[in-house]
Amino acid sequence: ARPMRAHSSSVLAAGGLAVASAFHVPLDGAGVRDLQGRFAVLEVPMLACPLPKEGQAEEWQPHCAHGLTKAIECEYNGFQYSMEWYFATMLRDNAQYLSSRMEDADFV
C-alpha cells in the first residue's frame, strides 16, 4: 500500500489554525469596556484643496486633499480586502469606542 500524503491545503489550514490560536486574545466584559473611548477615526477628505497663491506653500488641511480630482466613497468589498473600511465603520457605528477628543485617543 502507498502511504497517504496530506494535501497542501490541509497542511496550510492546520498551520493557519496554529498561528491563529497563538495570537488569540480572549476579551471578557472588562477587557471590552477598557477599549471604550480609546479610538479615533480619521475622515477621508472628499474635497480638493484650493490651489495656493503664487509663492505660498501648500499646507496640510484636514478637510481637503491637495490634487484631488475625484472623490469616491469606499465600499465593503469582502473581508480580506476591506479591513480598513470595516474597522472604521465599526468604530463610527459604535461611538462608545471613540475618544471624545482625537488628541486623547490611544489608537488612530
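The model shown is predicted, which means the values in this text are computed figures rather than measured ones. (Residues numbered from 1 in each chain as written. Predicted model: local features only at pLDDT ≥ 70, side-chain atom pairs only at ≥ 80, totals over all residues. Heavy atoms only, no water.)

Visitor: How should helix H3 (residues 83-93) be read in this particular structure?
Guide: An α-helical turn contains 3.6 residues, so a residue and the one three or four places further along point in the same direction. All of the buried residues along H3 are Ala88, Thr89 and Leu91. End-on view of H3: buried residues confined to an arc of 160°, all on one side of the axis. (Buried < 20%, exposed > 50% of the residue type's maximum accessible area, 1.4 Å probe, protein only. Helix = DSSP H or I, 4+ residues; strand = E, 2+ residues; numbered from the N terminus. Arc of directions from axis to C-beta.)

Visitor: Honestly, the pattern of salt bridges in this entry has me stumped. Any pointers?
Guide: Should their charged atoms come close, side chains of opposite charge can pair. This structure, assessed with the given rule, holds three salt bridges. Note that Asp106 is salt-bridged to Arg38, the shortest N-O span being 2.8 Å. One end of the pair, Asp106, is in the segment after H3; the other, Arg38, is in the loop between helix H2 (29-34) and H3, with 68 residues separating them in the sequence. In this structure, Glu43 and Arg92 form a salt bridge, with 3.1 Å as the shortest nitrogen-oxygen distance. Here the residue Glu43 occupies a position in the loop between H2 and H3, and Arg92 occupies one in helix H3, the gap between them amounting to 49 residues. (Salt bridge = Lys/Arg side-chain N within 4 Å of Asp/Glu carboxyl O.)

Visitor: Teacher, can you tell me more about the confidence of the model for the protein chain here?
Guide: For residues with low pLDDT, the predicted coordinates do not support detailed interpretation. On average, residues of the protein chain score 75 in pLDDT, and 73% of them are at 70 or above. No element of the protein chain has a lower mean pLDDT than helix H1 (residues 8-22), at 47, and none a higher one than H3, at 84. When the criterion is pLDDT under 50, residues 4-20 qualifies, and its contacts beyond four places in sequence or with other chains add up to one contact. (pLDDT = per-residue confidence, 0-100. Contact = heavy atoms within 4.5 Å.)

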